[in-house]
Amino acid sequence: VGRAGAMAAATMVAGGGDFSDLREIKKQLLSVAERSRERGLQHSGKWAAELAFALEPLPLSELPPPPALTEEDARDLDAYTLAKSYFDLKEYDRAAYFLQGCKSQKAYFLYMYSRYLSGEKKKDDETVDSLGPLEKGQVKNEALRELRVELSKKHKAQELDGFGLYLYGVVLRKLDLVKEAIDVFVEAAHVLPLHWGAWLELCNLITDKEMLKFLSLPDTWMKEFFLAHIYTELQLIEEALQKYQSLIDAGFSKSTYIISQIAVAYHNIRDIDKALSIFSELRKQDPYRIENMDTFSNLLYVRSMKPELSYLAHNLCEIDKYRVETCCVIGNYYSLRSQHEKAALYFQRALKLNPRYLGAWTLMGHEYMEMKNTSAAIQAYRHAIEVNKRDYRAWYGLGQTYEILKMPFYCLYYYRRAHQLRPNDSRMLVALGECYEKLNQLVEAKKCYWRAYAVGDVEKMALVKLAKLHEQLNESEQAAQCYIKYIQDIYSCGEVVEHLEVSTAFRYLAQYYFKCKLWDEASACAQKCCAFNDTREEGKALLRQILQLRNQGENSSTDVAAPFFLPASLSANNTPTRRVSPLNLSSVTP
Amino acid sequence: SVHESLYFNPMLTNGVVHANVFGVRDWVTPHKMALLVLLSELGRAGAQLGLLERRRLNRLLLPLLQGPDMALSRLRKAIEECCPHLAGSVHIRLKLMAEGELKDMEQFFDDLSDSFSGTEPEVHKTSVVGLFLRHMILAYNKLSFSQVYKLYTALQQYFQKDEKKDGTDENEMELTNPEELDGKMEKEELDGPLREEEIACSGPLSQKQAEYFLSQQASLLKNDETKALAPASLQKELNNLLKFNPDFAEAHYLSYLNSLRVQDVFSSTHSLLHYFDRLILTGAESKSNGDEGYGRSLRYAALNLAALHCRFGHYQQAELALQEAIRIAQESNDHVCLQHCLSWLYILEQKIFDSCVLLEHSVNKSLHFGLPYLASLGIQSLVQQRAFAGKAANKLMDALKDSDLLHWKHSLSELIDISIAQKTAIWRLYGRSTMALQQAQTLLSMNSLEAVNVGVQQNNTESFAVVLCHLAELHAEQGYFAAASEILKHLKERFPPNSQHAQLWMLFDQKIQFERAMNDGRYHVADSLVAGITALNSIEGVYRKAIVLKAQNQMSEAHKLLQKLLIHCQKIKNTEMVIRVLLSTAELYWRSSCHTIALPVLLQALALAREYSLQYLASETVLNLAFSQLILGIPEQALNILHMAIEPVLAHGAVLDKGCAMFLVAKCQVASAASYPPQKKIEALESAILNLNEAKTYFAKVDCKEQLRDVLYFQARLFHSLGRTQERNKCAMLFRQLHQELPAHGVPLINAFK
């Protein structure tokens, strides 16, 4: 019966990417929110409700009717009502006891779900005072194994509805049976596409684009949300932003969920200004939101916006100070104020609240680094890696730690790891280049700097470093080229921030053109030199020399073209758009 | 409180308080409780036990205390084998406890501490058993109420599992689990992956058990790899261990060693770095102010990384890592570490070019800092290098003897082994096969020092591989091919193909096969072996290729190859190979009938061989020289110099060489007899025939039919000229038989020496 009902629900959902009937979508969202709530799936309910809130309100006549009760439902109603109230009070065992023997889908799900949650709760409680590792392993198995056996029986008999399949998938995942779990989640998404929880679980299990390609997903509008989400997870930011934009265009412009996801996406590609403005907008719409605020604080931290960060910290602290995100924001705040001990303390608190919150490990590592407590930093980073092997910041942090310990060769391994995870992030490449430079491996260093420039250099230092390398190697031609590119880069950005190395670049160029006897260019550069304090004298001297030599020689052509160092078009095409494969630095080492 | 947080809070990992933070490295498990029951029963039984039973039980106890937890049935079986009576009473006590109440268990632990009390306690407090008892009592007393209850339920399960099993099949015991839901349906539904996982998770180890497991496996890896767990299963165990205790740094190190076994660069690097990341933590913990422990592990981390790269042949990377280690060690004035670096530096430099100075310096310094191991390792390397450089043999042997004194003094059994292996190799280099044989046998039949101490025979070290390989080759040279292949089979077992020293025997195996193929004249087989040899040792491979070409009469190709090889070997100062190449070149010349050109080449080879005291090569050169002289028509002179060479060849040479030498002597005798008066001539011919007989037996040993045929022909001619028809006919008949078997090669008989 349940299966048939679910099938009907599935056919109700409009085809993929078809957002023409927003009212229908809203109806579906409202009804699924209700159904999730009935089953105690609060997060999925919240998600659906949030999304529904973003759409136009429905008139009374169109509100979805409460789901019809079947005979079975009626039979189990008393038990269900009692158990649900116990469930809401987190008395899971008690809830499960009264639900024993219930046949209706809703009651059965709540029965199984209570047992699952009870097992999870006990596990968390007991890891604190277990007899040792022996117990830790056993606690996990008990509830899950029984659940798996029962659920798999039902699954074989095709008696599970969408929610039941979801629970079965969760149990499988907890047992580390990833492949089976993915299959079951896909099935759950087919049976009940509206349930966001199943999609979210899929997101966590899919590790690369290839896997995504081979999934057969139901062709519904929910798929768009899923794709957008997973693209963000897989760092395919371009695609993710496109998806989100089309969702906004389809009518979800008010959804805080989408706005926050877009902000996170911008954060991931380090488009800080955009991300910041979107987050501010988000806070205006949803002032008591705590989710994603840790990301926001990271952005504020990077831009050193002390007052804003302080305001955010105080605000969040007022809302709920025992949330992981709050602790993280406060940690960032202290870190920005250079009170690193306190910052570390707050990150530790965040970890106590949620041991699986891996960002805190990395941030704590950074704090220990600031405190020069390298061993603790290494430990913290290692923990971060243990929780998530793909945490490139932790690998990068480990590399930095060893670099501080003056072990450039040793840290190569860590930087390379980070680079493999983020092939088009220039910071790792510059760090790698610096290490190679220290090791006197100039060829590799040059490769790194060049690649850093090619993927879009964030700090704009790669070219200068490359130029200096060329200078060292007496490759004046290439050095000059690099400096020219560097100056073009700076000018095209139109940044007001004074770059230290600009004067160096002009000085070198002036000397270079002087040597090449290109007087016009040389004098242009020398004049530029005069604009900077540290090169003013040199510039003037050079100008005088040029004048002398010019007077000696014949009068050269006088047509002065536009300064060569200004780019022809100001749109520099160096934004990091392409995905590139990791740099193959040396084939023999891992 | 802010200040406290400066140091990393070790109690917080994954948000979970770890038991070992409180110094409890052990905890009570049902298995341990069973052991406790056993101990108390032992105490109770007292004098009733027979001496034999008591001894057996005592021997059983230690592995039980240290080993991983096991199922009750296995434990019972183990006890039953020693003393059935005791097993029964242990079972009854456990049954009473498991089927009784919680208070029975509490009472049991209360009673345990009684064994220490009294004027004459049953158990001494500091004995192994006493320590175990006290550990357990302490661990039990620290348990909270819920933990005690959990322990009790665990005990009940432990016992029930055993009861259930008694009914079912014994073999299936491992697989069934306590909460097995009834009915076979469910059991079938639990498909493969889950069950496998459960087996892997079967034995979470306590810290003590884990330490025992790691040290045991590590020492097995070092001493006798074949006895250790297979790489895959060891890795599985380690992963399991790390899952339950991620801070167990040593497990990462073992995982590194394990990855080295299978030549996995990636995971070995990963594990090594992970280990040191973790070690740095513990170093900082143990000495909270200490830059000492922490900095030290940094240095050794870099050094180990260098070693790893060196092991995988990434010499440039290794050098960079080493430089780093040296720099850090210098900054912190760690001379011991510097010494280690220096030795590694030497090894690395050796891969690139020779540098005696560095090594001498290293030896002196090591002696100064009292590092006997490094010092004698240095001496050994020095000796090896000097041997290649042609230094006086007596001095080298003296040096080895001196360092041997050092080894025996410090009981460095590993170095003793290396020293003997080195002597074997040096004697072989000098061409004294008897001495080499003797040394090889010494090592193999010597009881290692370790054996006395631990009972673990160190027998998968490189020294053993070297010695066994030499032994195989020596046997093959003497024509004992069966024995040689027996030795190689043993090598294959002892050093499985993916292990570190496997390449050694692979090379020797192919070399022996190659020689055999050449002897039999199966050149195509030899040619196919060349590729394999080249893969393992490029110089040797090229040389063999040239030999095959020569044998196939492709003279100009062979010559080209040999010239190239000669230049290369002269550059890398591989004198042994230079001489061999010169010999082969000379052979090429005389095969092309250019004996006059061959002579200076041979003289050059002779001079080199004499200079580097490579005696065997020298005598081989003399043989070649004599042959050239014979062909050039001065057999008397040839005979003269043959006398010089024949003795060492017969004493130390390979059977084939002996045969060739005797054949050559006979030829010279015949040639010089031409000018003798008739009576003397007959005598000369007679003795030539005798020599030919000897040559024949040698050739027969290695089954060289072609040479045999030549000898027979020659002998037949001699008999003919002596008029001994009957013998002549016999020889001729044998010759005819062989001749029909073998295709004739166009080279005139007299012109072939080899």
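Residues numbered from 1 in each chain as written. Chains lettered and ligands numbered in written order. Predicted model: local features only at pLDDT ≥ 70, side-chain atom pairs only at ≥ 80, totals over all residues. Heavy atoms only, no water.

Per an unreviewed UniProt entry, chain B carries the name Anaphase-promoting complex subunit 5 and comes from Bombycilla garrulus. The UniProt entry for chain B carries this comment under Pathway (unreviewed entry): "Protein modification; protein ubiquitination." (UniProt positions renumbered as here; feature names shortened; annotations may be inferred.)

Under an unreviewed UniProt entry, the name given to chain A is Cyclosome subunit 8, and the organism recorded is Bombycilla garrulus. Under the Sequence similarities (unreviewed entry) heading, UniProt states for chain A: "Belongs to the APC8/CDC23 family." The record in UniProt for chain A states the following under Pathway (unreviewed entry): "Protein modification; protein ubiquitination."

1. Digging into the overall build of chain B
For chain B, the count of helices and strands is 36 helices and zero strands. In chain B, which comprises 754 residues, the proportion classed as buried is 50%. Looking at chain B alone, contacts between residues at least 24 apart form 64% of all its contacts between residues at least 6 apart. Of the roughly 35900 Å² that chain B leaves accessible, carbon and sulfur atoms contribute 56%. (Helix = DSSP H or I, 4+ residues; strand = E, 2+ residues; numbered from the N terminus. Buried < 20%, exposed > 50% of the residue type's maximum accessible area, 1.4 Å probe, protein only. Contact = heavy atoms within 4.5 Å. Areas by Shrake-Rupley, 256 points an atom, 1.4 Å probe, with all protein chains shown as cover.)

2. Things to note about the overall build of chain A
Summing up its helical and strand segments, chain A has 30 helices and zero strands in all. Counting all 590 residues of chain A, 54% fall into the buried class.

3. Comments concerning the environment of Val148 of chain B
All names here are of chain B. You can see Val148 is positioned in helix H7 (residues 145-167). Note on Val148: relative accessible area 9%, which makes it buried. It is 9.7 Å that separates the C-alpha atoms of Val148 and Val28, two residues lying 120 residues apart in sequence. Leave out the neighbours within four places in its chain, and Val148 touches Leu102, Met105, Glu106, Tyr140 and Leu143.

4. Quick look at the side chain of Arg428 of chain B
All names here are of chain B. Along the chain, the position of Arg428 falls in helix H20 (residues 413-430). Owing to a relative accessible area of 19%, Arg428 belongs among the buried residues under this scheme. Among the polar contacts made by the side chain of Arg428, one reaches the side chain of His470 at a distance of 3.2 Å. With near-sequence residues (within four places) excluded, Arg428 lies in contact with Ala436, His470, Glu473, Leu474 and Glu477. (Polar contact = N/O pair within 3.5 Å; in protein donor to acceptor, adjacent residues only side chain to side chain.)

5. Overview of the nonpolar core
The biggest cluster of nonpolar side chains holds 226 residues, and the ones touching the most others in it are Tyr116, Leu202, Phe225, Phe226, Ile230, Tyr402 and Tyr410 of chain A. No fewer than three residues from each of domain 1 (290-379) and domain 2 (510-552) of chain A sit in this core. Aside from chain neighbours lying at most four places away, what touches Tyr116 of chain A is Leu144, Leu147, Leu167, Val170, Val171 and Lys174 of chain A. Grouped together as the second largest cluster of nonpolar side chains are 119 residues, Val383, Phe508, Leu608 and Leu630 of chain B included. (Core = buried A, V, L, I, M, F, W, Y, C linked by side-chain atoms within 4.5 Å. Domains from an automatic or database assignment.)

6. Remarks on a nonpolar patch on the surface
Residues and elements named next belong to chain A. A cluster of nonpolar side chains, contributed by Leu82, Tyr97 and Phe98, occupies part of the molecular surface with about 290 Å² of accessible area. Position of Tyr97 relative to the elements: it lies in helix H5 (residues 92-99). Owing to a relative accessible area of 55%, Tyr97 belongs among the exposed residues under this scheme. (Patch = residues over 30% accessible without salt bridge, like charges linked within 9 Å, V, L, I, M, F, W, Y side chains within 5 Å. Salt bridge = Lys/Arg side-chain N within 4 Å of Asp/Glu carboxyl O.)

7. Let's talk about the UniProt feature "repeat: TPR" (unreviewed entry) in chain A
The feature "repeat: TPR" (unreviewed entry), as given by UniProt, occupies residues 324-357 and 358-391 of chain A in the numbering adopted here. Segment residues 358-391 of chain A splits into 79% helix and 0% strand. End C-alpha atoms: 9 Å apart.

8. Overview of the packing of aromatic side chains
Residues and elements named next belong to chain A. Applying the stated criterion across every chain yields a total of 38 aromatic pairs over all chains. Their ring planes at 80° and their centres at 5.1 Å tell us that Tyr97 and Phe98 sit as a pair that is edge-to-face. Exposure remark for Phe98: the relative accessible area of 35% places this residue in the partly exposed category. Taking 6.2 Å as the distance between ring centres and 50° as the angle between the ring planes, the aromatic pair formed by Tyr166 and Phe185 counts as tilted. With Tyr166 in helix H8 (residues 162-174) and Phe185 in helix H9 (residues 178-191), the pair connects residues that are 19 residues apart, well separated along the chain. (Phe/Tyr/Trp six-rings, centres within 6.5 Å; stacked < 30°, edge-to-face > 60°.)

9. Examining the confidence of the model for chain A
All names here are of chain A. The predicted model of chain A has a mean per-residue pLDDT of 81, with 86% of residues at 70 or higher. Note that pLDDT drops below 50 for residues 133-138; the model gives that stretch twelve contacts with residues more than four away or on any other chain. Under a pLDDT of 50 for its full length, residues 556-562 has, in the predicted model, two contacts with residues more than four places off or in other chains. (pLDDT = per-residue confidence, 0-100.)

10. So, the confidence of the model for chain B
Residue and element names in this part refer to chain B. On average, residues of chain B score 78 in pLDDT, and 83% of them reach the 70 mark or higher. For the stretch residues 1-24, pLDDT sits under 50, and the model shows 45 contacts to residues farther than four places along the chain or on other chains. Taken as a whole, residues 451-456 scores under 50 in pLDDT and shows five contacts with residues more than four places along the chain or in a different chain.

11. Focus on the packing of helix H32 (residues 635-652) of chain B against helix H33 (residues 655-673) of chain B
Residue and element names in this part refer to chain B. Orientation of H32 relative to H33, taken along the N-to-C sense of each, is 155°, at an axis distance of 10 Å. Classified by the angle their axes make, H32 and H33 are roughly antiparallel. For the pair H32 and H33, the sense of crossing is left-handed. On H33, the residues that touch Pro635, Glu636, Ala638, Leu639, Leu642, Ile646, Val649 and Leu650 of H32 are Asp657, Lys658, Ala661, Met662, Leu664, Val665, Cys668, Gln669, Ala671 and Ser672. Residues that form the contact of H32 with H33 fall into these classes: 13 nonpolar, two polar and three charged. (Axes fitted to C-alpha atoms, helices over the stretch in contact; angles between N-to-C directions. Parallel < 35°, antiparallel > 145°, perpendicular 65-115°, else oblique. Left-handed = near helix turned anticlockwise from the far one by under 90°. Nonpolar A, V, L, I, M, F, W, Y, C, P; charged D, E, K, R; others polar.)

12. Quick look at helix H26 (residues 462-472) of chain A
Taken together, the buried positions of H26 of chain A are occupied by Ala462, Leu463, Val464, Leu466, Ala467, Leu469 and His470 of chain A. With its phi angle positive at about 60°, Asn474 of chain A sits one or two positions after the end of H26 of chain A.

13. Re the pattern of salt bridges
All names here are of chain B. Scanning the model with the defined rule gives 46 salt bridges over all chains in all. Two residues, Glu473 and Arg428, come together in a salt bridge whose shortest N-O distance is 2.0 Å. On the criterion of sequence distance, the pair formed by Glu473 in helix H23 (residues 462-477) and Arg428 in helix H20 is long-range, its members being 45 residues apart. Side by side, Glu473 and Arg428 carry an identical accessibility label, which is buried. Glu540 is the partner of Arg580 in a salt bridge, and the nearest nitrogen-oxygen pair spans 3.9 Å. One end of the pair, Arg580, is in helix H29 (residues 575-591); the other, Glu540, is in helix H27 (residues 538-551), with 40 residues separating them in the sequence. Salt bridges linked by common partners bring Glu515, Glu540, Arg544, Glu576 and Arg580 together as one network.

14. Here's the deal with unusual backbone geometry
Residue and element names in this part refer to chain A. Phi is positive for Ser304, close to 50°, though the residue is something other than glycine. Positionally, Ser304 belongs in the loop between helix H16 (293-302) and helix H17 (306-319). One non-glycine residue, Ser338, adopts positive backbone phi at about 60°. Along the chain, Ser338 falls in the loop between helix H18 (324-336) and helix H19 (340-353).

15. As for the environment of Cys525 of chain A
All names here are of chain A. By the element assignment, Cys525 lies in helix H29 (residues 519-529). Judged by relative accessible area, which is 0%, Cys525 ranks as buried. Along the chain, Cys525 and Gln511 lie 14 residues apart, while their C-alpha atoms are 8.7 Å from each other.

16. A word on the side chain of Lys511 of chain B
All names here are of chain B. One can find Lys511 in helix H25 (residues 502-520). Despite its burial, Lys511 pairs with no opposite charge, the nearest such side chain being Glu540 at 4.1 Å. If near-sequence neighbours (up to four positions away) are discounted, Lys511 is found in contact with Glu473, Ile533, Glu540 and Arg544. (Lys, Arg positive; Asp, Glu negative; His and termini not counted.)

17. A word on helix H12 (residues 249-261) of chain B
Residue and element names in this part refer to chain B. Its 13 residues place the ends of H12 19 Å apart at the C-alpha level, agreeing with the 18 Å of an ideal helix rising 1.5 Å per residue. Across the 13 residues of H12, ten count as buried, placing the element largely inside the fold. For H12, the set of buried residues is Ala249, Ala251, His252, Leu254, Ser255, Tyr256, Asn258, Ser259, Leu260 and Arg261. One or two positions beyond H12, positive phi appears at Gln263, with a value near 60°. (Expected span 1.5 Å × (residues − 1).)

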